[in-house]
Amino acid sequence: MIISSHCRRCLFFKLIYLYEVPILSTRLVFLGTGSGKPTPSRGVSSVGLFREGELFLFDCGEGTQTQMAKSSLRPGGLKAIFISHFHGDHVNGLPGLIGSMVLGNREDPLTIVGPVGLNLWLSTLRKLNILWPSFQLKVIEVTEPGVVYKTESYRVSADVLKHRITCWGYRFEEFDRPGRFDLKKAQSLGIPPGPAYGNLQRGKSITLENGNVIEPDDVLGEARPGLALAYCCDTIPCEGAANLAKDVDILIHESTYPGGEEKMAKKRGHSTSADAARCAKKANAKKLILTHLSQKHPNKSIFIETCKSIFNNVIAARDLLEIELERREEK
Ligand SMILES: [Zn+2]
Ligand SMILES: [Zn+2]
């Protein structure tokens, strides 16, 4: 489901209000989708992933905070930022965004993951008084492929992309979640509401007062697979991108050029839409979203037309495009 226009978003929130149903949605928000430099119609690279009240950013090009203000995202829930590389169109928005969060009296720590040099850059900004974060910046410099960030419900891995400078791609992966709790079944088995429900949902068996043992499988449906997405920007076709994209639900891949311009793309360290489609196909991704689109092609349909024969489930991102990945209603 794609919700893109401001009006539909307003309607969405009005509906939540009317029915007073707290809805936790997992969604992707494309904040900047152009390559190189911002224009009135496209900002530069940044994608937000919002899940369970937490926000993650992949890249933070110039103007990211302005784009965020126009979107449904707010920096308060920002948990971590994953920087691919030090080209300005991927990182220049970071000082401004951090500065604004300082002005907003943020206290929560913020994790920033990126290439080696991140510590030096941020500490230099501090020394020059360009940055004076009032909250803790947890900096993680990526030195080798592998897991770079992990909690009990998801992990983020990095792998090497091939660009003109050191560049990392990322894979965000939720762990499988337990099946849905069958309330009617629980009631019919005589399980008293309360801690017993929670224990069963956490995979622990319980013993009722009458001595009957209830196993989690008795009241839980099938385990629900977690969401996986990959962010590969900027790169020429490479093994790292294919590794990150393996079986993902969503592959966000750069497409600076439309298909047919492979020679130029490779020379500049970039991909065409056909390159991205080949990566999606090879990796068995479910959906491909093209981003980092060259401003030289105002008609973006050419990016799709030149790759659809290779991988059909593809769209070209535009600024402020929101894609709802899942909606969970709180019980
Ligand atoms: Zn770029
Ligand atoms: Zn670049």
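Description of the structure in this document. (Residues numbered from 1 in each chain as written. Chains lettered and ligands numbered in written order. Predicted model: local features only at pLDDT ≥ 70, side-chain atom pairs only at ≥ 80, totals over all residues. Heavy atoms only, no water.)

Notes on the coordination of the zinc ion (ligand 2)
Next up, step 1: Coordination of the zinc ion (ligand 2) by the protein is provided by His85 (NE2), His87 (ND1), His163 (NE2) and Asp234 (OD), with metal-donor distances spanning 2.2 to 2.3 Å.
Next up, step 2: Around the zinc ion (ligand 2) sit 4 donor atoms; with metal-centred angles ranging over 92 to 169 degrees, the donor geometry is irregular.
Next up, step 3: Within one chain, the residues donating to the zinc ion (ligand 2) are spaced in sequence as H-x1-H-x75-H-x70-D. (Donors = N, O, S within 2.8 Å, 3.2 Å for Na, K, Ca; no water. Tetrahedral: all angles 85-135°; square planar, octahedral: opposite > 155°, others 65-115°.)

Structural notes on the coordination of the zinc ion (ligand 1)
Next up, step 1: With distances of 2.1 to 2.3 Å, the protein atoms coordinating the zinc ion (ligand 1) are Asp89 (OD), His90 (NE2), Asp234 (OD) and His292 (NE2).
Next up, step 2: The metal-metal distance between the zinc ion (ligand 1) and the zinc ion (ligand 2) comes to 3.5 Å, with Asp234 coordinating both.
Next up, step 3: You can call His90 buried: its relative accessible area is 0%. (Buried < 20%, exposed > 50% of the residue type's maximum accessible area, 1.4 Å probe, protein only.)

Observations concerning helix α5 (residues 118–127)
Next up, step 1: Listing the buried residues of α5 in full gives Leu118, Leu122 and Leu125. One side of α5 carries all its buried residues, which in axial view fall inside an arc of 60 degrees. α5 presents Leu120 and Lys127 as exposed residues on the side facing more than 90 degrees away from its buried surface.
Next up, step 2: Tucked into the core, α5 has its buried residues touching α4 (94–103), β6 (110–115) and β7 (137–142).
Next up, step 3: Immediately beyond the C-terminal end of α5, within one or two residues, lies Asn129, with a positive phi of roughly 60 degrees. (Helix = DSSP H or I, 4+ residues; strand = E, 2+ residues; numbered from the N terminus. Arc of directions from axis to C-beta. Contact = heavy atoms within 4.5 Å.)

Topic: the pairing of strand β4 (residues 54–58)
Next up, step 1: Among the 5 residues in β4, 4 count as buried, and that is most of the element.
Next up, step 2: Bridge count for strand β3 (residues 46–51) against β4 is 5 bridges, and the pairing is antiparallel. Each residue of the ladder has a partner; that of Leu49, found in β4, is Phe56.
Next up, step 3: Between the antiparallel neighbours β3 and β4 lie 2 residues, among them Glu52 with a positive phi of about 45 degrees.
Next up, step 4: Pairing between β4 and strand β5 (residues 78–82): 4 bridges, direction parallel. When the bridges of β5 are listed, Leu55 appears paired with Leu78.
Next up, step 5: In this view, the connection linking β4 to its parallel neighbour β5 by way of helix α2 (residues 64–70) has right-handed handedness. (Pairing = 2+ DSSP bridges. Right-handed = clockwise from strand over helix to strand, strands pointing away.)

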